[in-house]
Amino acid sequence: MSGAVRVLAAPEASRANALHAGAWWLWALGLAVAASRTTNPLLLGLLVGVAGYVVAARRTDAPWARSYGAFVKLGLFVVALRVVFSLLLGSPIPGTYELFTLPEVPLPDWAQGVRIGGRVTAEQLVFALYDGAKLATLLICVGAANALANPARLLKSLPGALYEVGVAVVVAMTFAPNMVADVARLRTARRLRGRPTGGVRAVLQIGLPVLEGALERSIAVAASMDARGYGRTARVPAAVRRTTNVLTLGGLLGVCAGSYGLLAAEGAGYGLPLLGAGLVAAMAGLRLGGRRTVRTRYRPDRWGARAWLVAGSGVAVATLMIWANAYAPEALHPGVVPLEAPELPLWPAVSVLVGLVPAFVAPVPVSKENV
């Protein structure tokens, strides 16, 4: 019994057993798909809790791992902004419980259907909160992937045809986490020197060193990319190039249409076949396009059993939540007209808890072991 427990226990993270970065992104995207299928604030809060627990248990001390808090704050800002827009611009949701009335700005005849101010109802505010909470949960799931996946290792795992695009994406993805780390470092330094960290003057004094550091990193990245032969390609026949373009473009269109079908309430039937066909076509196009790349990979990351468990848990959460829309649509989308108190449905909640699997099977960062 003790031997089986040792086999199932998560090992200490090292370079040899590091979890594939793509597994973290598949897990996070699975949670995001699940969030897109419900407006129940209890289920959305449970999804945020699952993502936060996994991040707290498995993130490292790297700069990008500190970006999760910034995404949480961004989500809260989105909720507040959605409520403010609903208050100022109104809502198509009819309501009977009037809370207060704002001064209404008169608009010309050509702006019929648009209003600024006016009557504010409880149903309108609840609908805005539900809608903002869904978008905030999507952002937090993406933030969890940013905090857990090493962007450099993710770049190594991309197909050769996407290397140039992948470098640009990774540089863009690491900009925000590095900026958050720079701001935290400068605020700590000012606090230790007894200088204020709030106010317009402090923000201006912190902003200049942050921009300077971003420029220095950009120059260093450009130099390293040039030294590694970024952009050099091999010659391939014209027929192969045309076939690659057709397969890649058609596959991406299929992926977009299939993803929309999975996210939309009415497209669950055609979304999965389109998504599968698009992925197959896109992968074939990317494999052909990889012939143009003359670079090699040093010690590529392996997709092991733990990566399958992490990615599979996210896919399972998304699949179970899509299925839950078939047998419990009222529980996943609580009504606002008339107002109803949301309830936590049992089986959809259990489905969300499947997303906790990475917290127990992913390798444990060394810093977490030493705490």
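Not measured: the values here are computed from a predicted model.

1. Examining the overall build of the protein
Consideration 1: Helices and strands together make up the secondary structure of the protein, namely 15 helices and two strands.
Consideration 2: Residues classed as buried in the protein amount to 37% of the 371 residues present.
Consideration 3: Long-range contacts, defined here as pairs at least 24 residues apart, represent 79% of the contacts in the protein between residues at least 6 apart.
Consideration 4: Of the roughly 21200 Å² that the protein leaves accessible, carbon and sulfur atoms contribute 68%.

2. Some words on the packing of helix α11 (residues 305–327) against helix α13 (residues 346–353)
Consideration 1: In the contact formed by α11 and α13, the axes pass within 9 Å of each other and the chain directions differ by 170°. Considering their axes alone, α11 and α13 lie roughly antiparallel with respect to each other. Residues V317, L320, M321, A324 and Y327 of α11 pack against W347, P348, S351 and V352 of α13.

3. A closer look at the nonpolar core
Consideration 1: Ranked by internal contacts, the top residues of the largest apolar core, which has 39 residues, are L19, W24, W27, L31, L47, Y68 and V310.
Consideration 2: Among the secondary structure elements, those contributing two or more residues to this core are α2 (21–36), α3 (41–58), α5 (122–148), α11, α13 and α14 (358–361).
Consideration 3: Here this core gets 10 residues from one element, more than from any other, and that element is α2.

4. A short note on the environment of V33
Consideration 1: As for its placement among the helices and strands, V33 is situated in helix α2.
Consideration 2: A C-alpha to C-alpha distance of 9.1 Å links V33 and G314, two positions 281 residues apart in sequence.

5. Observations regarding the UniProt feature "transmembrane region" (unreviewed entry) in the protein
Consideration 1: According to UniProt, the "transmembrane region" (unreviewed entry) feature falls on residues 24–56, 68–89, 161–181, 245–263, 269–286, 307–326 and 346–366.
Consideration 2: The span residues 68–89 carries 100% helix and 0% strand; its end-to-end C-alpha distance comes to 31 Å.

6. With respect to a nonpolar patch on the surface
Consideration 1: On the surface, L74, F77, L81, V84, F85, L88, L89, V105, L107 and I116 cluster together into a nonpolar patch covering about 810 Å² of accessible area.
Consideration 2: Within the secondary structure layout, L81 lies in helix α4 (residues 68–89).

7. Details of the packing of aromatic side chains
Consideration 1: Tallied over the entire structure, the rule returns two aromatic pairs.
Consideration 2: The interplanar angle of 80° and the centroid separation of 5.8 Å between the aromatic rings of W24 and W27 together place this pair among those described as edge-to-face. Highlighted residues: W24 and W27, both in helix α2, separated by three residues, approximately one helical turn. Take W24 and W27: they sit in the same class, and that class is buried.

8. Things to note about the packing of α3 against α5
Consideration 1: It is at 10 Å that the axes of α3 and α5 come closest, and there the two elements cross at 15°. Between α3 and α5, the interaxial angle falls into the category roughly parallel. Between α3 and α5 lies a crossing of left-handed hand. Contacts from P41, L44, L47, V48, A51, V54, V55 and R58 of α3 reach α5 at Y130, A133, K134, T137, I140, A144, A147 and L148.

9. Observations regarding the pattern of salt bridges
Consideration 1: Taken as a whole and assessed by the stated rule, the structure comprises two salt bridges.
Consideration 2: The partner of R82 in a salt bridge is D131, with the nearest N and O atoms 3.1 Å apart. Here the residue R82 occupies a position in helix α4, and D131 occupies one in helix α5, the gap between them amounting to 49 residues.
Consideration 3: Using a relative accessible area of 24% as the deciding quantity, one classes R82 as partly exposed.
Consideration 4: A salt bridge links E98 to R119; the nearest nitrogen and oxygen atoms lie 3.2 Å apart. Of this pair, E98 sits in strand β1 (residues 98–105) while R119 sits in strand β2 (residues 116–121), and the two are 21 residues apart along the sequence.

10. Quick notes on the environment of G52
Consideration 1: Checked against the element boundaries, G52 lands in helix α3.
Consideration 2: When the C-alpha atoms of G52 and I140 are compared, they prove to be 8.6 Å apart, with 88 residues separating the residues in sequence.

11. Points about α4
An α-helix turns once every 3.6 residues. As a result, residues three or four positions apart point the same way.
Consideration 1: Taking 1.5 Å as the rise per residue, α4 with 22 residues should run 32 Å; its terminal C-alpha atoms sit 31 Å apart, in good agreement.
Consideration 2: Here α4 has its buried residues at Y68, F71, G75, V78, V79, V83 and S86. Projected onto a plane normal to the axis of α4, the buried residues spread over an arc of 125° and lie on a single side. For α4, the exposed residues lying more than 90 degrees away from the buried face are K73, L76 and F77.
Consideration 3: Elements in contact with the buried residues of α4: α3 and α5.

12. Considering the side chain of E123
Consideration 1: By secondary structure assignment, the location of E123 is in helix α5.
Consideration 2: In this structure E123 touches I93, P94, G95, T96, Y97, V336, V337 and L339, once residues within four positions along its chain are discounted.

Conventions used here
Residues numbered from 1 in each chain as written. Predicted model: local features only at pLDDT ≥ 70, side-chain atom pairs only at ≥ 80, totals over all residues. Heavy atoms only, no water. Helix = DSSP H or I, 4+ residues; strand = E, 2+ residues; numbered from the N terminus. Buried < 20%, exposed > 50% of the residue type's maximum accessible area, 1.4 Å probe, protein only. Contact = heavy atoms within 4.5 Å. Areas by Shrake-Rupley, 256 points an atom, 1.4 Å probe, with all protein chains shown as cover. Axes fitted to C-alpha atoms, helices over the stretch in contact; angles between N-to-C directions. Parallel < 35°, antiparallel > 145°, perpendicular 65-115°, else oblique. Core = buried A, V, L, I, M, F, W, Y, C linked by side-chain atoms within 4.5 Å. UniProt positions renumbered as here; feature names shortened; annotations may be inferred. Patch = residues over 30% accessible without salt bridge, like charges linked within 9 Å, V, L, I, M, F, W, Y side chains within 5 Å. Salt bridge = Lys/Arg side-chain N within 4 Å of Asp/Glu carboxyl O. Phe/Tyr/Trp six-rings, centres within 6.5 Å; stacked < 30°, edge-to-face > 60°. Left-handed = near helix turned anticlockwise from the far one by under 90°. Expected span 1.5 Å × (residues − 1). Arc of directions from axis to C-beta.

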